[in-house]
Amino acid sequence: MDLPPEQIGTLHSFAYQALAGLGCRVTLVYDQLDRWNQRYPHWAMTVHLRHTRGEFVPQMEEDHGRRGDALLSAYNILRARCQPTESASSALRTFIQQWHAWKMAEGLRDYTDLLCDALTQTTIMPHAPSVLYCDEAQDFSCLAMRLIDHWRRHIAQVYLVGDPLQCLFAWAGADYHTVFPATMPKDAIHVLSQSYRVPSAVHAYAMRWIRRHHEYRDFAYAPRQDTGCVLRSPYGLHAAPKWIDRVARDASGASPAMIIASCGYMLRPVCQALRR
């Protein structure tokens, strides 16, 4: 299927497009944080956002333990979960009031504002699709699902594609229970039971691990025919030279090698060593 690039993107990028389509001028706050830090040094932040090809990728500097970062994260989690701020601590409520007032005075919006504004100011999803596929849906928040439900009134079919047991962004407010509730009708669920990537040895190890999950329920999931293997490494990701040697050996055969980590920052030592 040959889809135009602008019809593939994150929910935040579509929210940005929807607002821009209404003539709204959306200026993101993250390039202006130096001004916030000068005015509110006790709430200084190190959060930044990279805007590339219509996509928004949150970036964190190495030193991300500043008080403003923690307060903004706590506020964003409340918004992602659609929870009221009245129950927040007095320190957080004070921060929220100043953060909101400063953004309004400066004409700026933050990452979560994109979803909130699209929910209240738009009616139809950009490009007016008749079919919408939401990939990695288990990492959607309550706020994200509200926007999807808002737009789906004008969409013929919506497919939520994801695996509740692979939810990675609960720390940011994601909730797979909102996306895949226990009350979802069985005839609305289609399980892709055959893996074309995971060999049997890796499959067996992964299944032993995931069965420890407190909400695990048995499901059909078959590995590909290759056996494969699971090996334990004696060194961590910071031992970059060791990893490069190992990758070089593995990639010298017929198959390529891959290094995977749960968070991008964990790969920085390896990436820096590979560039050298």
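Rules of the game
Residues numbered from 1 in each chain as written. Predicted model: local features only at pLDDT ≥ 70, side-chain atom pairs only at ≥ 80, totals over all residues. Heavy atoms only, no water. Helix = DSSP H or I, 4+ residues; strand = E, 2+ residues; numbered from the N terminus. Buried < 20%, exposed > 50% of the residue type's maximum accessible area, 1.4 Å probe, protein only. Contact = heavy atoms within 4.5 Å. Areas by Shrake-Rupley, 256 points an atom, 1.4 Å probe, with all protein chains shown as cover. Pairing = 2+ DSSP bridges. Right-handed = clockwise from strand over helix to strand, strands pointing away. pLDDT = per-residue confidence, 0-100. Salt bridge = Lys/Arg side-chain N within 4 Å of Asp/Glu carboxyl O. Axes fitted to C-alpha atoms, helices over the stretch in contact; angles between N-to-C directions. Parallel < 35°, antiparallel > 145°, perpendicular 65-115°, else oblique. Core = buried A, V, L, I, M, F, W, Y, C linked by side-chain atoms within 4.5 Å.

Caption draft 1: Inspection of the overall build of the chain at higher detail. The number of helices and strands found in the chain is ten helices and four strands. For the chain, the N- to C-terminal ordering of α and β elements is α-α-β-β-α-α-α-β-α-β-α-α-α-α. In terms of its C-alpha atoms, the chain occupies a principal-axis envelope of roughly 60 × 50 × 40 Å. Across the 276 residues that make up the chain, the buried fraction comes to 32%. For the chain, contacts bridging at least 24 residues in sequence account for 69% of all contacts bridging at least 6. For the chain, the accessible surface area stands at approximately 18,100 Å², while carbon and sulfur atoms represent 55% of it.

Caption draft 2: Examining the pairing of strand 3 (residues 131–134) more closely. Residues Leu-132 and Cys-134 point to one face of strand 3 and are all buried, whereas Val-131 and Tyr-133, pointing to the other face, are not buried. As judged from the four bridges shared by strand 3 and strand 4 (residues 157–160), these two strands associate in the parallel manner. Bridged to Cys-134 within strand 4 is Leu-160. Considered for its hand, the β-α-β crossover made up of strand 3, helix 6 (residues 142–151) and strand 4 is right-handed.

Caption draft 3: Quick look at the side chain of Asn-37. Relative to the elements of secondary structure, Asn-37 occurs in helix 2 (residues 33–39). Setting aside residues no more than four positions away along its own chain, Asn-37 makes contact with Trp-43, Ala-44, Met-45 and Arg-66.

Caption draft 4: View of the confidence of the model for the chain. When the pLDDT values of the chain are averaged, the result is 88; 92% of them are 70 or greater. Long-range and interchain partners of residues 56–63, a stretch whose pLDDT sits below 50, account for 27 contacts in this model, where long-range means more than four residues apart.

Caption draft 5: A look at unusual backbone geometry. A positive phi angle, near 60°, is found at Cys-82, a position not held by glycine. Along the polypeptide, Cys-82 turns up in the loop between helix 3 (67–80) and helix 4 (90–106). Phi at Glu-136 takes a positive value of approximately 50°, unusual for a residue other than glycine. Tracing the backbone through its elements, the reader meets Glu-136 in the loop between strand 3 and helix 6. For Glu-136, a relative accessible area of 43% corresponds to the partly exposed category.

Caption draft 6: A look at the pattern of salt bridges. For the structure on display, the rule yields nine salt bridges. A salt bridge links Asp-117 to Arg-109, with the nearest nitrogen and oxygen atoms 2.9 Å apart. Assigned by exposure class, Asp-117 and Arg-109 land together as buried. In this structure, a network of salt bridges that share partners links the residues Arg-79, Lys-103, Arg-109, Asp-110, Asp-113 and Asp-117.

Caption draft 7: View of the packing of helix 3 against helix 4. Between helix 3 and helix 4, whose axes approach to 10 Å, the crossing angle comes to 90°. Here helix 3 is positioned roughly perpendicular relative to helix 4, judged by the angle of their axes. Together, Arg-67, Gly-68, Leu-71, Leu-72, Ala-74, Tyr-75, Leu-78 and Arg-79 of helix 3 and Ala-91, Leu-92, Phe-95, Ile-96, Trp-99 and Lys-103 of helix 4 make up the contact between the two elements.

Caption draft 8: Highlighting the nonpolar core. Trp-36, Leu-92, Phe-95, Trp-99, Phe-140 and Trp-151 are the most contacted members of the largest nonpolar core, which has 44 residues in total. Broken down by element, the residue count for this core peaks at six residues, all from helix 6. Apart from the residues within four sequence positions on either side, Phe-140 is in contact with Cys-134, Asp-135, Met-145, Ile-148, Ala-174, Asp-175 and Val-179.

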